[in-house]
Every structure is written in structure tokens, then in C-alpha cells.
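So you can see what is in the structure, the chains are spelled out below.
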Amino acid sequence: SWAASQRWEAAELDHGEYCAWAGVSCQQGARSGEVMPLGVIALELPDAGLDGSLPPGLSKLRHLAVLDLSGNRLRGEIPATLGELPRLRRLRLGRNAFGGGVPQGALAAPELREVDVSGNRLVAVAAGLRRADSEAASAG
């Protein structure tokens, strides 16, 4: 399976080895002479064959700056809790099967600069996203 071939085995989670997994980038820090992962800063898994919905635990990745899950088979609603990520700069969820709308809360991350939710089954896009698009168009 893709998960096994890319070293995404649950047993490695307890040892911080997830930082070596394909598509995962971590911020490193030294503590007591050891290099330890401080936190996941990027999940970049475009076109990885992921299927299902976004797990609620994503909002616990407090160092996450890049979330690129574009081109998969993800569905359900885009969680408003993504806006709780204080360092999120880039959110790429395009080319999936998300439905409903993009909640305003999902766009509340203070560092968010880039959003791509194109190619989904969305029926409504939060006003903040439209405003950012029109500001970028007028600046260009």
C-alpha cells in the first residue's frame, strides 16, 4: 500500500519518526544534546490517493504552516478548526470532493496568505476568501 511504502506506519508515531515520512516536514530543536522534533510544520501530500475526511486532530498541529492535500479523494466539510492554526500560511485543498461551504472560521488563521479550494463540490465560499481574491486581483 502507499501508506506502507511511504513509511506511514502507526508504530513509528511514538518515536518522532513521523518526521521522516514522505510529505511530512518538522521543525527541529535541540534539547539535552539531542535533536528532537518540535512540531510538524508542513503536510504536503498532493495526489497521494488519500480518501476520507479531514481528521479533527489537524487543529492540534500548532506549528503547521503548510497544508497541501490537493488532488486526493477527501470529502465532507472543510473544518472551521483549521482557523485555529496560528502559523498556517498555505492551505491547498483543491481537487477533492469537499462539500458544503468554506466556513469563515477556516480562514481565521492569522498568517493565512494562500488558499486553494478549487475543484471541490462547494456551494458557498466565505466572504473573507472572496475579499482576498479581489484584493489580489486589484493589486496585480
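Scroll up for the structure.
The notes below deal with the structure included here.

Rules used in this analysis
Residues numbered from 1 in each chain as written. Predicted model: local features only at pLDDT ≥ 70, side-chain atom pairs only at ≥ 80, totals over all residues. Heavy atoms only, no water. Helix = DSSP H or I, 4+ residues; strand = E, 2+ residues; numbered from the N terminus. Buried < 20%, exposed > 50% of the residue type's maximum accessible area, 1.4 Å probe, protein only. Areas by Shrake-Rupley, 256 points an atom, 1.4 Å probe, with all protein chains shown as cover. Core = buried A, V, L, I, M, F, W, Y, C linked by side-chain atoms within 4.5 Å. Contact = heavy atoms within 4.5 Å. Disulfide = S-S within 2.5 Å. Polar contact = N/O pair within 3.5 Å; in protein donor to acceptor, adjacent residues only side chain to side chain. Pairing = 2+ DSSP bridges. Salt bridge = Lys/Arg side-chain N within 4 Å of Asp/Glu carboxyl O.

## Focus on the overall build of the chain
Logical step 1: In terms of regular secondary structure, the chain is built from two helices and nine strands.
Logical step 2: The secondary structure elements of the chain, listed N-terminal to C-terminal, are α-β-β-β-β-β-β-β-β-β-α.
Logical step 3: Buried residues in the chain amount to 35% of all 140 residues.
Logical step 4: Per element, the accessible surface of the chain, about 7,900 Å² overall, is 52% carbon and sulfur.

## Description of the nonpolar core
Logical step 1: Counting 27 residues, the largest nonpolar core has Leu54, Leu67, Ile78, Leu82 and Leu93 as its most contacted members.
Logical step 2: Mapped by element, the contributors of at least two residues to this core are β1 (24-31), β2 (34-44) and β7 (97-102).
Logical step 3: If we ignore the near neighbours within four places in the chain, the residues touching leucine 93 are Leu54, Leu69, Ser70, Ile78, Leu82, Phe98, Asp116, Val117 and Asn120.

## A few points about the state of the cysteines
Logical step 1: A full pass over the atoms with the stated rule returns one disulfide.
Logical step 2: The residue that forms a disulfide with cysteine 19 is cysteine 26, at a sulfur-sulfur distance of 2.1 Å. Handedness of the cysteine 19-cysteine 26 disulfide follows from its S-S torsion of about -90 degrees: it is left-handed.

## Some remarks on the side chain of asparagine 96
Logical step 1: Position of asparagine 96 among the secondary structure elements: in the loop between β6 (90-92) and β7.
Logical step 2: A relative accessible area of 9% places asparagine 96 in the buried class.
Logical step 3: Of the polar contacts made by the side chain of asparagine 96, one reaches the backbone nitrogen of asparagine 72; its length is 3.1 Å.
Logical step 4: If we skip the residues at most four places from it in the chain, asparagine 96 touches Leu69, Ser70, Gly71, Asn72, Arg73, Leu74, Gly119 and Asn120.

## Remarks on the pairing of strand β5 (residues 73-76)
For a regular strand, the rule is simple: side chains alternate between the two faces of the sheet.
Logical step 1: Across two bridges, the pairing between strand β3 (residues 51-52) and β5 is parallel. By the bridge assignment, glycine 52 is partnered in β5 with leucine 74.
Logical step 2: Pairing analysis gives two bridges linking β5 to β7, with the strands arranged parallel. Within the sheet, the bridge partner assigned to glycine 76 lies in β7 and is phenylalanine 98.

## Remarks on the pattern of salt bridges
Logical step 1: Enumeration according to the criterion identifies seven salt bridges in this entry.
Logical step 2: Arginine 95 is paired through a salt bridge with aspartate 47; the nearest N and O atoms lie 3.1 Å apart. With arginine 95 in the loop between β6 and β7 and aspartate 47 in the loop between β2 and β3, this residue pair connects regions lying 48 residues apart in the sequence.
Logical step 3: The residue arginine 90 makes a salt bridge to glutamate 114 at a minimum N-O spacing of 3.6 Å.

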